Structure formats: C-alpha cells, structure tokens
Amino acid sequence: MILITNDDGVGALGIDAITRTLRGLDNIVVFAPDGARSGMACAITSERPLTYRLLHKEKGLTIYSCTGTPVDCVKLAMNEVILEKPSLLVSGINHGGNHALSIHYSGTMGAAMEGCVFDIPSMGVSLLDYREGDSFEEACRIARIVALQTLSKGLPHGAYLNLNIPNIPKVKGIAIGRQTDGKWVHEFDKDEDVNGEPMFWISGYYQSAGPDYPDNDVALLDNGYASLVPCKIDVTDYALLNELKNWEL
C-alpha cells in the first residue's frame, strides 16, 4: 500500500496528479489536510481534537481528508486508520519548491519526515512553480521513476528523500545532490491595516552561501535537472559532538 499526503490540501492539483501517476503500483490511500497547510513544517495539533472524513473509495484507491496538519495526517493515518505499514509514503506534489533551506519550513517535507519516523520509505515531491494550472506531467514522470526505485531498493533507517523538479517541458534528468547552504533575506513586505497599524506580508528571496558546490540542489535545478537530496532524521553534528568533549564543561 502507498500512502499519499501533502500540505496543499486534499483537493490540490498536485496530489491528484501524483495519485493518478502511482495508481497500479499498489493500493493507494490518500490521507491529506482538508485545506492548505503550507509552511507547517513538523507542526502538530494539540489545542483541539482532530477529525477525518472518508471522501472516496473504490478498488485500489481510498481518499480521506483530515482537519490537521500534514504531520497530523501521517500520525492519525498510521495510528488509527491504516491497518498495514505502507511500502511507500509520498508527500506532494507540492505547488512550489522545497529545495535549500525551505525543507525546514515545508509541510510537504514535514510529512515525509514523519513517514520516516514510522520507518516507511518516504519522499517529498515539489514542482518549482506556484502558479495555478501548472502542468504536473514532467513532475509526475520524474516522481514515478524515484518511487519505483524506492519501492525496489528501500531506504536506510532514518533516511528520506527530497525531490524537486523544475517547471520546464523536458527535465534533463535526475541529479543526486546536496542541500544548498544559505538563507532567506528581505523576508517581509510592510503594509498598513485600515487603522494605520503596521502589518507584514511574507516575501523575500533565497540567497545562497558559499562554497557554491556544483551538486547543490539550487545549481542542479537552475541547470534543468530534477534534484534528489537524501535527508536524515538524526540532526546530530557528530564532528562537533567530538569537539564538545574537549570543552571544559
């Protein structure tokens, strides 16, 4: 069974596209938020109860919506709804990229990370465009290739995949790379409400930091490749761990 979720909501074009693409590989269960939950990262809901609803059921496909975050969807599906461990979790296809530092803010990648917590081979899939009506044809073609390889070869314990696809008619291929170092700058546009009080709209752009490795995900995407970055749940800096042992603590 393949579990599919996202952060754009169960009615988003991207999740419909990837669901249709993966049909036939295994039984599909879609368990996704009932609306957009972008930027939720690994957020969970603790101040109110969660509910879910069956939207559609046919042979090989079951679709649920959930009132929670993407991570809530994975947790609730695995704890209360699905009676078997999925062979694969796919989160996406997200409307917009989740490369470089964006992985830390992304609800798409939060769900993939949570799948990894449940020891499910998991991948997040994102298309580098936010416009409505985008074609997901190339993104689906690339995602299916990676999904098939993941189903065949599996992933190590504690590892998950971040796949980003440029929005171009023909992607050159899939390139294995690393997360780009950098940060978002000029992150807000200032405005005023009706009372003249300041308010802020999230904005800005990503500024890469050196060294500029040729296999970083931004460079790969800019050159027309889909970037595939292996990620880990364990965020321990083992080099620094050894150095800290020499501190006078």
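Residues numbered from 1 in each chain as written. Predicted model: local features only at pLDDT ≥ 70, side-chain atom pairs only at ≥ 80, totals over all residues. Heavy atoms only, no water.

> I'd love a proper account of the overall build of the protein chain, names of residues and values included.
For the protein chain, the count of helices and strands is 6 helices and 13 strands. Computed over its C-alpha atoms, the radius of gyration of the protein chain comes to 19 Å, within 12% of the 18 Å expected for a compact globule of 249 residues. For the protein chain, the spread of C-alpha atoms along the principal axes amounts to about 55 × 55 × 50 Å. Out of the 249 residues belonging to the protein chain, those deemed buried represent 49%. Here the contacts in the protein chain between residues at least 6 apart in sequence split such that 75% fall between residues at least 24 apart. The average position of the 20 basic charges and that of the 32 acidic charges among the side chains of the protein chain differ by 9 Å. (Helix = DSSP H or I, 4+ residues; strand = E, 2+ residues; numbered from the N terminus. Rg over C-alpha atoms; globule rule 2.2 N^0.38 Å. Buried < 20%, exposed > 50% of the residue type's maximum accessible area, 1.4 Å probe, protein only. Contact = heavy atoms within 4.5 Å. Lys, Arg positive; Asp, Glu negative; His and termini not counted. Charge placed at Lys NZ, Arg CZ, Asp CG, Glu CD.)

> Which residues make up the side chain of Ser106, and what values do they have?
Tracing the chain through its elements places Ser106 in the loop between β5 (88-95) and α3 (107-117). Within the local environment of Ser106, its side chain forms a polar contact with the backbone nitrogen of Met109, the two atoms lying 3.0 Å apart. Apart from the residues lying within four places of it in its own chain, the contact partners of Ser106 are Asp7, Ala41 and Asn98. (Polar contact = N/O pair within 3.5 Å; in protein donor to acceptor, adjacent residues only side chain to side chain.)

> Lay out the sheet that holds strand β8 (residues 174-176) with the relevant residues and their values.
With respect to topology, 9 strands assemble into an open sheet ordered β3-β4-β2-β1-β5-β6-β7-β13-β8, the strand pairing being mixed. Across the chains shown, the open sheet's two edge strands, defined by having one partner strand only, are β3 (52-58) and β8. Mean inter-strand twist for the sheet, computed between neighbouring axes without regard to direction, equals 20°. With 3 bridges connecting them, strand β1 (residues 2-5) and strand β2 (residues 28-33) associate as parallel partners. By the bridge assignment, Ile2 is partnered in β2 with Ile28. Contacts between helix α1 (residues 13-22) and the sheet are confined to β1, β2, β4 (61-66) and β5, with β5 contributing the most and set at about 140° to the helix. Where α3 meets the sheet, it contacts β1, β5, β6 (122-127) and β7 (159-165), and its direction lies at approximately 170° from that of β6. (Pairing = 2+ DSSP bridges. Axes fitted to C-alpha atoms, helices over the stretch in contact; angles between N-to-C directions.)

> If you had to explain the nonpolar core to someone new, which residues and values would you point to?
If you look at the biggest cluster of nonpolar residues, it comprises 32 residues, and the most contacted ones within it are Ile4, Val30, Met123 and Leu163. The leading source of residues in this core is helix α4 (residues 137-153), at 6 residues. Beyond its immediate stretch of four places on either side in the chain, Val30 contacts Ile4, Val10, Ile15, Thr19, Leu61, Thr62, Ile63 and Tyr64. (Core = buried A, V, L, I, M, F, W, Y, C linked by side-chain atoms within 4.5 Å.)

> I'd like to hear about helix α2 (residues 70-81), residue by residue, with values.
For α2, the buried fraction is high: 9 of the 12 residues fall into the buried class. Every buried residue of α2 is listed here: Pro70, Val71, Asp72, Cys73, Val74, Leu76, Ala77, Met78 and Val81. Considering only its buried residues, α2 is in contact with β1, β2, β3, β4, β5 and α3.

> Please give an account of a nonpolar patch on the surface that cites residues and values.
A cluster of nonpolar side chains, Leu240, Leu244, Trp247 and Leu249, forms an exposed patch at the surface whose accessible area comes to about 450 Å². Relative accessible area serves as the criterion here: at 33%, Leu244 is assigned to the partly exposed category. (Patch = residues over 30% accessible without salt bridge, like charges linked within 9 Å, V, L, I, M, F, W, Y side chains within 5 Å. Areas by Shrake-Rupley, 256 points an atom, 1.4 Å probe, with all protein chains shown as cover. Salt bridge = Lys/Arg side-chain N within 4 Å of Asp/Glu carboxyl O.)

> Explain a negative patch on the surface to me, using residue names and the numbers behind them.
On the surface, Asp189, Asp191, Glu192, Asp193 and Glu197 cluster together into a patch of negative charge. Following the sequence through the fold, Asp193 ends up in the loop between β10 (188-192) and β11 (198-202). Using a relative accessible area of 30% as the deciding quantity, one classes Asp193 as partly exposed.

> So what about the packing of aromatic side chains? Which residues, and what values?
Tallied over the entire structure, the rule returns 4 aromatic pairs. Ring geometry for Phe31 against Tyr52: centres 5.6 Å apart, planes inclined by 45°, an arrangement best described as tilted. Highlighted residues: Phe31 in strand β2 and Tyr52 in strand β3, separated in sequence by 21 residues. According to the relative accessible area criterion, Tyr52 is partly exposed, its value standing at 39%. Both rings, one in Phe31 and one in Tyr64, keep their centres 5.4 Å apart while their planes meet at 40°; by these two values the pair is tilted. Remark: Tyr64 occurs in strand β4 and Phe31 occurs in strand β2; sequence separation between them is 33 residues. Both residues of the pair, Phe31 and Tyr64, belong to the buried class. (Phe/Tyr/Trp six-rings, centres within 6.5 Å; stacked < 30°, edge-to-face > 60°.)

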